[in-house]
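# Coordinate analysis (summary)
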Amino acid sequence: MRSKTLVPYMFVAPAVILFSIFMAYPIIYSFILSFQSGQGSNMEFTGLDNFARLFSDDIFITALKNTFILLIIQVPIMIFLALIIANLLNSALLKFKGVFRVSFFLPAVTSLVAYSIIFSIMLMNDGVVNQFITAIGLDSIPWLSDPFWAKASLIIAMTWRWVGYNMVIFLAGLQNIPEELYEAASMDGASKIRQFFSITIPNLKPVILFTVILSTIGTLQLFDEPFVLTKGGPSDATLTIGMYLYQTGFRFFDFGYASTIAYVIVILIAIMTFIQFKVTGDQE
Amino acid sequence: MKTQNKIKKVSLLVVLIIGALVSLFPFYWAAIGATNTSGSMFSKPPTLIPGSMLMENIRNLDESIGISRVMFNSLFIATTYTILALFICTMAAYAFAKFQFPGRNVIFTIFLLSMMVPYHATIIPLFKMMAALNWLNTYQAVILPNLAYPFAIFLMRQNLLAFPTSLIEAARIDGAGEWKIFFRIVLPSMKPALAATAIFLFLYQWNSFLWPLIALSTTDMYTFPVALSTLFGLSRIDYGQVMAGVTIATIPIIIFFLLLQRQFISGMLGSAVK
C-alpha cells in the first residue's frame, strides 16, 4: 500500500524538481535581486532604490511608452483584421477554404528572427516595399530611419506574423455560433455588416478576450522583432521594455536593475490581464 | 439576385487572394533573395525571378556561420528538448489527471500561475546559475531551463482527463505495474495529443531566441536564430547570404507544417481548436 501512494509522486517528481531549480528559484531570486545594486557578485541590498530609479530613467520611460504605443495600436488592428478574415473564410460562398487558411496561417510558423530579417530587408529605403510604393506614384517612405515609421514597420510586421494565428482561433469560435441566429437576422433584413457587429462579435467575446490577453502578454515581453528589425532605433524609437532589460542585464551587467525591469513586466502583465477580465467580464 | 451573388463571390475571392498574396510574398521574396546577389534585392525594377546565385550564397553563408554545424545545433537542441520535455510533462500531466494525492492541487496551481510570469523574470538568475556551473555556451544550458513546461503539462492534462479511468483500474486488477500501464495502455491512445504537444515544444525551442542569445557565445554553438541575427548585425551585410540562411531555416518547418497541418494547428493553439 505504501508503494502505491508513492506512485503519483514518482510521476510528478521530474517536472517538480526541474521546475523548482529552473523556474521557481530564478523567479524568487530575481525578485530579491530587484532590491539590490552592484556589479557581479558584490551586490548589496538597496531597498526600493531600483524602483525609484525607474521614474527618473528617461530611457526606461521611453521604452515603456514605446511598448504601450505598440500594444494599443497593434493588438486592436490585428484582432480586427483576424476577425474579418475569419468571417470571410467562414462564408458559405467560398471555395478553396483550406488553401486560404494555410496561406494566412503560414507566417505563424516562421521564426521571429527569420521574419524580422525578411521585413527589415523589404522595408529598407531602396527595398522592395518602397519600390512598389513609388511604382504607383507615391513618395517612398523612410520605414526604418524615421521614429514614426519605424514603429509602423514593427506594427505591420507583427500584424503579418500573428493575424493568421488569431484567425484560426476565431474560425474555431465561429463554428460554435448557431446558424439560426444569422438566419433570423437575415429574415429581419439585417445586413452582413450589421450581423458581424451584433451577432458575431458579441458571441465571440470570450474568444476575443482570450486572444487579446495572449497578444497583450506577448507584446509586453516584445524582444525579438525590435532587436532584429529596427535594432531599437532610430534613437530608441522602437526600444521596448524587453530590449531595455536585455541591454541593462547583458550589455551593462547591471543585474539588480535588470531584475527590477523584469518585475515591471511581471506587474504590467498582471495589471493588464486583470483589467481585461474586469472590462469584459463584468456584464455577465 | 444571381448576378449580385456572383459579384459578391468574386469580390470576396479577390479580397482574400490579395490577403493571401500579402501573407505569402515575404516567403517568396526571401527565396528569390537567396538565389540572387546582395544588390539585386534593391534593384530597379525589383528582381522578382530566381537568379543563379543560390550555390554561391550558400557557400558564403557556410563560410560565415558554418551551416551544417548551426543546423546540427538547432536540430539537436530542439529534438533532445522535445523528447525529454514531452516525457517529463506527460508524466506530470498523468499524475495530475489520474491520481488523487496530497499536494496535487497546490502543485498544479503553482504550475498554472507560473504561466503568467514572463520568461524575462528568470533569465538573470539562470545566467548566473549557468555561469556558476560553468555551463554557459553548452547544449544543456539551452535545453534544461524549460523542460518542465507548464503549458505543455496543462495541455496534456486536459487530454488525459478524457482517458477512461476504468481502463487503468482494470489493468491494475490484472496485475499490471504502474509504468506498464502508463507506457502500454495510456500513451498509445494519446498519440494525437502527444503529436500536437511535441510540435508545440519543438517549435518553441526551434524559434527560441532570447535565452540562446544570452547562453551561447561562440559561432560553433549558435542555433539558427542566433546565428542569423549575428550575421544580420554585421556592419557589412551580404543580403544574398542572409536570405539563403533565412530560407534554409524556414523551409524545413514549412514542409513539416504542410504535412502535419492538423497537429500543428492544435499544438500551436494549445488544442483550443480541434
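Residues numbered from 1 in each chain as written. Chains lettered and ligands numbered in written order. Predicted model: local features only at pLDDT ≥ 70, side-chain atom pairs only at ≥ 80, totals over all residues.

## Let's talk about the overall build of chain B
- Assigned secondary structure in chain B consists of 14 helices and 0 strands.
- A compact globule built from 274 residues should have a C-alpha radius of gyration of about 19 Å, whereas chain B, at 24 Å, is more than 25% larger.
- Along the longest, intermediate and shortest principal axes, the C-alpha atoms of chain B span 75 × 70 × 30 Å.
- Taking all 274 residues of chain B together, the buried fraction comes to 42%. (Helix = DSSP H or I, 4+ residues; strand = E, 2+ residues; numbered from the N terminus. Rg over C-alpha atoms; globule rule 2.2 N^0.38 Å. Buried ≥ 20, exposed ≤ 12 C-beta atoms within 10 Å, placed from the backbone.)

## A short note on the overall build of chain A
- Of regular secondary structure, chain A possesses 13 helices and 2 strands.
- Projected onto its principal axes, the C-alpha coordinates of chain A cover approximately 75 × 70 × 35 Å.
- The burial tally for chain A puts 42% of its 284 residues in the buried class.
- By sequence separation, contacts in chain A at least 24 residues apart represent 69% of the contacts at least 6 residues apart. (Contact = placed C-beta atoms within 7 Å.)

## Here we look at the interface of chain B and chain A
- Between chain B and chain A, the residue contacts involve 70 residues of the former and 69 residues of the latter.
- Within the side of chain B that touches chain A, the residues separate by chemical class into 56 nonpolar, 10 polar and 4 charged. (Nonpolar A, V, L, I, M, F, W, Y, C, P; charged D, E, K, R; others polar.)

## Observations concerning the packing of helix α7 (residues 147-174) of chain A against helix α10 (residues 205-220) of chain A
Residue and element names in this part refer to chain A.
- For the pair α7 and α10, the least separation of the axes is 10 Å and the interaxial angle reads 155°. In terms of orientation, α7 and α10 fall into the roughly antiparallel class. When you trace α7 past α10, the crossing you get is right-handed. Contact residues: W162, N166, I169, F170 and G173 in α7; V207, T211 and S215 in α10. (Axes fitted to C-alpha atoms, helices over the stretch in contact; angles between N-to-C directions. Parallel < 35°, antiparallel > 145°, perpendicular 65-115°, else oblique. Left-handed = near helix turned anticlockwise from the far one by under 90°.)

## Considerations on the confidence of the model for chain A
- Across chain A, the average pLDDT comes to 89, with 97% of residues at 70 or higher.
- The element-level mean pLDDT for chain A is lowest in strand β2 (residues 42-45) of chain A, coming to 80, with helix α3 (residues 58-89) of chain A highest at 94. (pLDDT = per-residue confidence, 0-100.)

## Brief notes about the confidence of the model for chain B
Residues and elements named next belong to chain B.
- Across chain B, the average pLDDT comes to 89, with 97% of residues at or above 70.
- By mean pLDDT, helix α14 (residues 261-268) is the weakest element of chain B at 79, and helix α6 (residues 139-143) is the strongest at 96.
- Predicted as a complex, the structure gets a pTM of 0.89 and an ipTM equal to 0.88.

## Some points on unusual backbone geometry
- Phi at K231(A) takes a positive value of approximately 55°, unusual for a residue other than glycine.
- Tracing the backbone through its elements, the reader meets K231(A) in the loop between α11 (224-230) and α12 (241-250).

## Here we look at the environment of F111(B)
- On the secondary structure map, F111(B) appears in helix α4 (residues 104-114).
- Exposure remark for F111(B): the 26 C-beta atoms within 10 Å place this residue in the buried category.
- As for F111(B) and A148(B), which are separated by 37 residues in sequence, their C-alpha atoms are 9.2 Å apart.
- Discounting residues that sit within four places of it in the chain, F111(B) has contacts with F19(A), P150(B) and I153(B).

## Description of the nonpolar core
- A15(A), I117(A), I118(A), C89(B), A92(B) and L228(B) are the most contacted members of the largest nonpolar core, which has 158 residues in total.
- Setting aside chain neighbours within four positions, we find I117(A) in contact with V228(A), L228(B), F232(B), V242(B) and V246(B). (Core = buried A, V, L, I, M, F, W, Y, C linked by C-beta atoms within 7 Å.)

## Notes on helix α13 (residues 239-259) of chain B
- The terminal C-alpha atoms of α13(B) lie 30 Å apart, and with 21 residues this matches the ideal 30 Å at 1.5 Å per residue to within 8%.
- Helix geometry: α13(B) is bent most strongly at T250(B), by close to 30°, with proline P252(B) lying one to four residues after it. (Expected span 1.5 Å × (residues − 1). Bend = angle between axes of the 7 residues up to and from the residue.)

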